[in-house]
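# Secondary and tertiary structure notes
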Amino acid sequence: MTPHPLRRPLLAALSLALLASPLANASDSTTVTINATIVGVCKFFTSSPTMNINNTGTGSNIDPSLTGDATGNAAITYRCSNGTAPTFTVPATATITCATSGSCGSSTMTPSITSTGGGNGTGMGSGQDKTLTVTGTITAANYQNMSVGAYSGTMTVSIAP
């Protein structure tokens, strides 16, 4: 028996229709979970703070004939992640040594160190600076009999987290 002449084109059209049907192009989807965690961070934003201790109101000049403490401050700016409470490590004392060659040898003074200010962070972006004020105090008993010269030293202040 000879196939009917329209049967072949009809079978071809039917085959194409089945291939183009939605069953042949099934789609799928999935849900992607996205996570992000802001961590508590605190950073200093004052690169080289300087504390000039004086009792004269000028520079780092201490007049040994005056009575009373010589004091100085260093303002240190910092930022912390919003809501993060900083913990500061500030030494109780520092040692400053005569830096003037030949005039005062290796004489040293020991200012006591305190700090004030601070506060929880409000973010790391511009305009969110907080200030920690570090104060150094040299008592009159400590400076009155010191040799003439310029004294200098360093201390390390830390912030966490």
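A brief structural summary. One numbering rule holds for all chains: residues counted from 1, following each sequence as written. Local features in a predicted model are, by the rule used here, given only for residues with pLDDT of at least 70; side-chain atom pairs are given and counted only at 80 or more, and totals for whole chains, interfaces and linings are based on all residues. With hydrogens and water set aside, each side-chain value is computed from the structure's full complement of heavy atoms.

## Section: the state of the cysteines
In plain terms, the rule: Cysteine sulfurs are considered disulfide-paired once they come within 2.5 Å of each other. In this description a helix means any DSSP run of H or I spanning at least four residues, a strand means any run of E spanning at least two, and both kinds are numbered starting from the N terminus. Only protein chains enter the calculation, and the probe is 1.4 Å; a residue is then buried if its accessible area is under 20% of its type maximum, exposed if over 50%, and partly exposed in between.
Taken as a whole and judged by the stated rule, the model has two disulfides. Here Cys-42 pairs with Cys-80 through a disulfide, and the sulfurs are 2.0 Å apart. Residues Cys-42 and Cys-80 share a disulfide whose torsion about the S-S bond is about 115°; that sign makes it right-handed. Of this pair, Cys-42 sits in strand 1 (residues 42–44) while Cys-80 sits in strand 2 (residues 70–80), and the two are 38 residues apart along the sequence. Per residue, the accessibility class of Cys-42 equals that of Cys-80, and both read buried. Here Cys-98 engages in a disulfide with Cys-104; their sulfurs sit 1.3 Å apart. Looking along the S-S bond of the Cys-98-Cys-104 disulfide, the torsion reads about 50°, which is the right-handed sense. Like Cys-104, Cys-98 is buried. When the cysteines of the chain that form disulfides are numbered from the N-terminus onward, they connect as 1-2, 3-4.

## Considering the sheet that holds strand 2
Strand-to-strand pairing in sheets goes through backbone hydrogen bonds, with the strands running parallel or antiparallel. Selection criterion: DSSP-based pairing: two strands are paired if at least 2 bridges between them are found. To define axes, lines are fitted to C-alpha atoms, for helices over the stretch in contact only, and angles between the resulting N-to-C directions are given on a 0 to 180 degree scale.
If you walk across this open sheet you meet the four strands as 1-2-7-6, and the pairing is antiparallel. Across the chains shown, the open sheet's two edge strands, defined by having one partner strand only, are strand 1 and strand 6 (112–117). The sheet shows a mean angle of 30° between the axes of neighbouring strands, direction not considered. Pairing of strand 6 with strand 7 (residues 130–138), which is carried by six bridges, proceeds in the antiparallel orientation.

## Observations concerning the sheet that holds strand 4 (residues 96–98)
On the basis of which strands lie adjacent, the open sheet formed by three strands has the order 5-4-8 and antiparallel pairing. Looking at strand neighbours, the two that pair on one side only are strand 5 (108–109) and strand 8 (151–152), the edges of this open sheet. As paired elements, strand 4 and strand 5 share two bridges and run antiparallel to each other. Each residue of the ladder has a partner; that of Thr-97, found in strand 5, is Thr-108.

## Description of the packing of aromatic side chains
Just so we agree on the cut-off: Only the six-membered ring of Trp is used, alongside the rings of Phe and Tyr, when aromatic pairs are assigned; centres must lie within 6.5 Å, and planes under 30 degrees apart are stacked while those over 60 apart are edge-to-face, with the rest tilted. Look at NZ for Lys and CZ for Arg. If either is within 6 Å of the ring centre and within 35 degrees of the ring normal, a charge sits over the ring.
Per the counting criterion, the structure on display carries one aromatic pair. Ring centres of Tyr-78 and Phe-88 lie 5.1 Å apart, and the angle between their planes is 75°; this geometry places the pair in the edge-to-face category. With Tyr-78 in strand 2 and Phe-88 in strand 3 (residues 87–89), this pair connects stretches of sequence that are 10 residues apart. Looking at Tyr-78, the relative accessible area reads 0%, which means it is buried. We classify Phe-88 as partly exposed; its relative accessible area is 23%. Across the ring face of Phe-45, the terminal group of Arg-79 is positioned such that the distance to the ring centre comes to 4.1 Å.

## Things to note about the pattern of salt bridges
The cut-off we apply is this: Salt bridges, as used here, are contacts in which a Lys or Arg side-chain nitrogen is within 4 Å of a carboxyl oxygen on Asp or Glu.
Applying the stated criterion to the full structure yields one salt bridge. With a shortest N-O distance of 2.5 Å, Asp-129 and Arg-79 are connected by a salt bridge. One end of the pair, Asp-129, is in the loop between strand 6 and strand 7; the other, Arg-79, is in strand 2, and 50 residues separate them in sequence.

## Overview of the side chain of Thr-135
Here is the rule: Contacts described as polar in this section are N or O atom pairs within 3.5 Å, which, within protein, must combine one atom able to donate a hydrogen with one able to accept it, while residues neighboring in sequence count only if both atoms come from side chains. Any two residues whose heavy atoms approach within 4.5 Å at even a single point are treated as in contact.
Structurally, Thr-135 can be placed in strand 7. For Thr-135, a relative accessible area of 17% translates into the label buried. Engagement of the side chain of Thr-135 in a polar contact is seen with the side chain of Asn-73, the distance being 2.6 Å. Residues within four places of Thr-135 in sequence aside, it is in contact with Met-51, Gly-72, Asn-73, Ser-112, Ile-113 and Thr-114.

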